[in-house]
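Chains, contacts and geometry: an overview
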Amino acid sequence: MQTIYSMHQNHSDSIEKEEKFLFQSIENVQDLYLIMVSTMVEMRKKEQEFLEISSKKHLATKEEKNPNFKFVNNKVLHLLDESNSLSIALENRKISNWKINDEYITLLLNEMKQSKVYIDYMSNRVNKFEEDKNFIVTLFTDQIAPNIKLYEYLEDHKLTWLDDVPLVNTLIQKQLKNIQTEEDLFFVPKLYNDIEDKDFASQLFRRTVLNEDVLGKEFADKTPNWESDRIAELDSIILKMAICELLKFPSIPVKVTINEYLELAKEYSTPKSSIFINGILDNLVKEFTTEGKLKKVGRGLM
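Residues numbered from 1 in each chain as written. Predicted model: local features only at pLDDT ≥ 70, side-chain atom pairs only at ≥ 80, totals over all residues. Heavy atoms only, no water.

**Describing the confidence of the model for the protein**
Summing up the model confidence of the protein, the mean pLDDT is 90 and the portion of residues at 70 or higher is 95%. Averaged over each element, pLDDT in the protein is lowest for helix H3 (residues 62-65) (78) and highest for helix H9 (residues 129-144) (98). (pLDDT = per-residue confidence, 0-100. Helix = DSSP H or I, 4+ residues; strand = E, 2+ residues; numbered from the N terminus.)

Put into structure tokens, the structure is as follows:
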């Protein structure tokens with residue numbers, strides 16, 4: 001949707017160029033995932049360095065000489081730090097954001113230390129797996145994921161990441177919750193299937209762009225009170241993509257298509273767009289069904 005909208009705004013007709021941008025944006029989600037996971041790894045390393053340096057100061061306090069390493073020894077953080085899958089992915093994709101911009105790690109550490117959750121967690125020095133896991137899940141969910149400064153950094157780094165942050169953070173939270181023991185191995189997932197998902201994205205993009213005029217005619221007479229140029233541009237794109245999916249993708253259920261594009265309208269378009277789009281798609285589905293245009297394959301796809 002965003003790529004097609006960008007094409008309209010730039011008056012571009014280069015499908016190959018825009019498709020390349022689309023795939024690069026999708027691929028960049030993997031980097032975003034690695035950056036977010038690595039915040040926890042770097043927080044642990046920075047705190048360990050701080051405690052070790054403090055303990056060696058000439059005039060170190062009693063507390064500095066005998067620091068509480070519970071956070072540094074957190075079993076889940078150790079699991080992340082020792083993950084071959086994660087370290088290889090970070091190296092291969094050259095992810096070093098927090099080594100270059102370590103002030104964000106310091107910021108996250110300072111905010112963590114002021115939280116009641118951290119103070120309660122550090123009230124003893126014993127590392128128990130379940131407590132360690134619960135603390136890290138809470139830390140990521142309540143402090144790292146919603147951090148405004150971190151969000152602003154990601155926005156400045158790559159504008160396309162703004163829409164991907166919730167997806168990535170939800171995945172990381174789910175992964176952390178699914179760790180069962182300190183013996184588990186942490187693997188970096190692929191955020192989309194290389195062949196199947198990439199092929200779907202390409203087909204949806206190309207079929208929509210190449211058939212925009214035809215797809216637009218499908219709903220032109222369904223909006224008698226609206227001239228075509230008065231329909232919000234995003235609404236028009238969403239409708240064209242939805243109609244393309246209804247007619248050209250037989251394996252995708254009708255309800256799934258409608259629900260997905262209504263969510264897009266709610267997220268990106270005007271307040272009343274989802275109602276407007278829902279009404280048009282509902283009428284079109286009835287019409288397509290009567291005319292035998294909906295060629296869905298498999299049970300329950302209507």
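After that view of the structure, there is still more to cover.
**Observations regarding the environment of Ser-273**
Turning to its location among the elements, Ser-273 is positioned in helix H16 (residues 273-291). Since its relative accessible area comes to 0%, Ser-273 is described here as buried. Taking the C-alpha atoms as reference points, Ser-273 and Leu-109, separated by 164 residues in sequence, lie 42 Å from one another. The residues touching Ser-273, leaving out its near neighbours within four places in the chain, are Asp-235 and Ala-265. (Buried < 20%, exposed > 50% of the residue type's maximum accessible area, 1.4 Å probe, protein only. Contact = heavy atoms within 4.5 Å.)

**Some points on unusual backbone geometry**
With phi around 55°, His-11 is a residue other than glycine that occupies positive phi space. Considering the arrangement of structural elements, one finds His-11 in the loop between helix H1 (2-10) and helix H2 (15-55). A positive phi angle, close to 55°, is found at Lys-94, a residue other than glycine. With respect to the helices and strands, Lys-94 occurs in the loop between helix H5 (84-92) and helix H6 (97-100).

**Here we look at the pattern of salt bridges**
Opposite charge on two side chains lets them pair, provided their charged atoms get close. Within the structure shown, the criterion is met by 17 salt bridges. Put simply, Asp-102 and Lys-46 hold a salt bridge, and the shortest N to O gap is 3.1 Å. In this pair, Asp-102 sits in the loop between H6 and helix H7 (103-113) while Lys-46 sits in helix H2, placing the two residues 56 residues apart along the sequence. In this structure Asp-102 comes out as partly exposed when scored by relative accessible area, which is 32%. What makes Lys-46 partly exposed here is its relative accessible area of 24%. The salt bridge involving Glu-47 is made with Lys-113; its shortest N-O contact spans 2.8 Å. Linking Glu-47 in helix H2 with Lys-113 in helix H7, this pair joins segments that are 66 residues apart in sequence. (Salt bridge = Lys/Arg side-chain N within 4 Å of Asp/Glu carboxyl O.)

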